[in-house]
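Residue-level structural notes
Spelled out from the first residue to the last, the chains are:
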Amino acid sequence: MTDRNVTSASPVLAIRDLSVGLKTRTGVTELVRSVSLEIRPGERVGLVGESGSGKSLTMLAVMGLLASPVTVTGGSVTLGETELVGAPDRKLRALRGSEIAMVYQDPMTSLDPLQRIGEQIAEGLRAHGAHRNEAEERALAALAEVQLPDPHRLARAYPHELSGGMRQRVMIAAALAGNPRLLLADEPTTALDVTIQRQILSLVARIQRARNLAVLWVTHDLGVAAQFVQRLAVMYAGRMVEVGPTAAVFGAPQHPYTAALLAAVPSTTGERSALGQIPGSPPEPGNFPPGCSFASRCRQARPGCIRAEPALEARGDGVAAACFVPPAEWQP
Amino acid sequence: MNSPAEQPGSMPGTDASAVGASGPTAAGPSAAVLTAPVLAAAGLVKVYPPAGRAGQPSIALAGVSLELAEGACLGVVGESGCGKSTLARLLVGLERPTAGTVLLQGQPVTNFRRPELARRLQLVSQDPFSSLNPRLTVASALTEVLLVHRRVPGRKQAEQRVAELLDMVSLGPQFASRLPHEMSGGQAQRVAIARAIAAEPQILILDEPTSALDVSVRAGIVNLLARLRSELALSYLFISHDMAVIRQLSDQIGVMYAGRFVERGPWQSVMSAPLHPYTRALLTAVPEPHPDGSLLGSADDLAHDAPDTGKVQVAASGRTGCPYFPRCPIRIDKCLTDDPPLEVVTGAHEAACYRAGVAVESGGVPAESGGVPAESGGPPGERA
């Protein structure tokens, strides 16, 4: 892999202390708490966590797609120099599809079942100022770029005529047709078979490198994160508990949750032994315990862990973790 | 459907004898592989009628034979549309096969009345909430099973047994009074497993029991299933799309494609020395949780990997040749005309491939456009 050196450029997307909450009559229920993350041009960054960890909400917040009563309750999201939090809808709509592109898990919810594929992609381009003929040309080019066979025939097809993998390629084509700087993806390969997933991931990686695109990839799949992103943030109970380069985080996890999660993943190689288990289940969003949210399930927890919330602290190798107990002191 | 040709006595003569779950060469750890199968299927075919006016009938199973040895775990792996869930439903008698027989302890499964069947064979499916009555507490749901199958003499004993069952699936006694919606997915799946074992069956058919679960929860269920199997001497037919999960539990692994087994053998052989090009494609595509670049690093060989139709092309009427032909990187002319049978290649390791074990040569592969099946409306697939 020849991924460019991405550390020098200024970030395409900067998330700072982002919090998301559910506003009720009695107050605000916190769902996402103080997420900070930067993505530079040419960088693939992963947001990893289990259900309810806040990873998808974080992404919706970045896109400005939270629906009341769930709102951003603090922090900022900047795209280049532009602040997205609190920006008017008109401005966000203009950015979505041109500067920011999105793909989701289920393409059928984003594709119009009654409109031909080519028209749908062209429509998006026309909304951002392209003329009719130009839009059609670019739609065909976009379908070709995602390696769909016979783009002319496909452009006339309806979504239901395509397989899941082809639909996801169409979604990626539509997302990238506007030549965005940032691609946000929420589990776009989760519903696909692994052989198709592999093709989609390779395709996105190739286009991403060629365009020096910044990518934020939300996934629950540690395997996908390990293979696809260069940096990742692990989320638990609405917080980032560990963030750093993928190789460093997987090689020597600094947070007990990351370590436990990795031990729980079966592999197709190596010793066949019992999987690591994490007792209990993650706290429900809005019902996060005081102190460290993971403490009640954590083998390394100490009495202090339920009283105070550990902050993200640098641990070397570009990794930061939110834990009071350093790995050197962990019980086996 | 019980034509004379499908009598149990004809079993050894059919290709079911080549299934290889038994035999001294089997590398499986269980001594049980030497005993008679508790569950067997011979030549199972399932054809669904056309979905629409213009549609074609879809062939979900195109001739599946298998033997499940007592105390063994046969893992069945494959992607969507390969027929693995149809196989599960035929084996538990939820659907009738178009052709072929299912034998439970040597007798046609159709000879059993439903409660008798349920005392021998239980299904655990992907979504526990759809199999649990939303209005019944855990205790009521388990008690119902215990009483219907007379696994306890009366309600008083049922109460104690419910506590035992909950303990077996590592749920505390407080779960007895819970309703399904008061539980997480993992807890509900434990209850579904408790309900299955409450009937004291010999066999569990596990259809993607961990697929809807989060990573940390999934590990607990996989470990639980492994423990219950040894504690209760259960036989498992474990169905999953996930190679890594299949590997965790199985003695034998069978790989399904287009409604049939294309490879089957001891788990070590299938995982470390796969014979069929589809098995190899499947294994290569598993995103390993180690950042070794293995998934994208070898992206060059994707040019001749599965064409992106996403749907397995189940043999349609009048079609000849190997169903994997369109996607196969090592195909030869013969594969277009002849359909390779499942045959023993080494020891107990079988494959349905004329080129079994042949490595993919770099460069010398068919062009992707060559055999890409056109995406037609309504290709056959699994019924939900």
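1. Some points on the overall build of chain B
Counting its secondary structure elements, chain B contains 12 helices and 12 strands. With 384 residues in all, chain B has 52% of them scored as buried. Considering only contacts in chain B between residues 6 or more positions apart, those separated by 24 or more positions represent 71%.

2. Notes on the packing of helix 6 (residues 185-198) of chain B against helix 7 (residues 215-232) of chain B
Residues and elements named next belong to chain B. It is at 10 Å that the axes of helix 6 and helix 7 come closest, and there the two elements cross at 15°. In terms of axis orientation, helix 6 runs roughly parallel to helix 7. The element helix 6 and its partner helix 7 pack so that their crossing is right-handed. Between helix 6 and helix 7, the residues in contact are Gly185, Gly186, Gln189, Arg190, Ile193 and Ile197 and Val217, Gly220, Ile221, Leu224, Leu228 and Leu232, respectively. Considered class by class, the residues forming the contact of helix 6 with helix 7 number 7 nonpolar, 4 polar and 1 charged.

3. What about the sheet that holds strand 12 (residues 349-351) of chain B?
All names here are of chain B. The 8 strands are arranged 6-7-8-3-9-10-12-11 in an open sheet whose pairing can be described as mixed. Two strands close off the open sheet at either side, each with one partner strand: strand 6 (121-124) and strand 11 (343-346). Neighbour to neighbour, the strand axes of the sheet diverge by 20° on average, direction disregarded. Bridge count for strand 6 against strand 7 (residues 203-207) is 4 bridges, and the pairing is parallel. For Leu123, the partnering residue across the bridge sits in strand 7 and is Ile205.

4. A closer look at the interface of chain B and chain A
Contacts between the two partners involve 47 residues from chain B and, on the opposite side, 47 residues from chain A. Elements with a minimum of two residues in the side of chain B that touches chain A: helix 7, helix 8 (243-249), helix 10 (277-285) and helix 11 (294-297) of chain B. Element by element, the count of residues in the side of chain B that touches chain A is highest for helix 7 of chain B, at 8 residues. Grouping the amino acids of the side of chain B that touches chain A by side-chain chemistry returns 23 nonpolar, 16 polar and 8 charged.

5. Quick word on the pairing of strand 1 (residues 37-48) of chain B
Residues and elements named next belong to chain B. Strand direction decides the pairing type here: strand 1 and strand 2 (residues 58-69), joined by 9 bridges, are antiparallel. The residue of strand 2 that forms the bridge with Ala40 is Glu67. Relative to strand 4 (residues 99-104), strand 1 is paired through 5 bridges, and the arrangement is antiparallel. Within strand 4, the position partnered with Ala40 by the bridge is Leu103.

6. Let's talk about the nonpolar core
A general feature of soluble globular proteins is that nonpolar side chains tend to end up buried together. Judged by nonpolar contacts, the single largest core of 208 residues is most densely connected at Ala173 of chain A together with Leu91, Ile205, Leu237 and Val255 of chain B. Sorting elements by how many residues they give to this core places helix 7 (residues 164-177) of chain A first, with 9 residues. Once residues within four sequence positions are removed from consideration, Ala173 of chain A is found in contact with Ile121, Ala142, Leu143, Glu145 and Val146 of chain A.

7. Some remarks on helix 7 of chain A
Think of an α-helix as turning once every 3.6 residues; residues three or four places apart then point the same way. All names here are of chain A. In this model, helix 7 (14 residues) spans 20 Å end to end at C-alpha, consistent with the 20 Å of a helix rising 1.5 Å per residue. A large share of helix 7 lies buried, amounting to 14 of its 14 residues. Two residues or fewer after helix 7 comes Asn179, characterised by a positive phi angle close to 55°.

8. Details of the confidence of the model for chain B
Residues shown with low pLDDT carry predicted positions that ought not to be read at fine detail. All names here are of chain B. A residue-level look at chain B finds 78% of positions with pLDDT of 70 or above and a mean pLDDT of 82. Note that pLDDT drops below 50 for residues 1-33; the model gives that stretch 74 contacts with residues more than four away or on any other chain. Segment residues 362-384: pLDDT under 50, and 44 contacts once partners within four positions in sequence are set aside and those in other chains are kept.

About the thresholds
- Residues numbered from 1 in each chain as written.
- Chains lettered and ligands numbered in written order.
- Predicted model: local features only at pLDDT ≥ 70, side-chain atom pairs only at ≥ 80, totals over all residues.
- Helix = DSSP H or I, 4+ residues; strand = E, 2+ residues; numbered from the N terminus.
- Buried ≥ 20, exposed ≤ 12 C-beta atoms within 10 Å, placed from the backbone.
- Contact = placed C-beta atoms within 7 Å.
- Axes fitted to C-alpha atoms, helices over the stretch in contact; angles between N-to-C directions.
- Parallel < 35°, antiparallel > 145°, perpendicular 65-115°, else oblique.
- Left-handed = near helix turned anticlockwise from the far one by under 90°.
- Nonpolar A, V, L, I, M, F, W, Y, C, P; charged D, E, K, R; others polar.
- Pairing = 2+ DSSP bridges.
- Core = buried A, V, L, I, M, F, W, Y, C linked by C-beta atoms within 7 Å.
- Expected span 1.5 Å × (residues − 1).
- pLDDT = per-residue confidence, 0-100.

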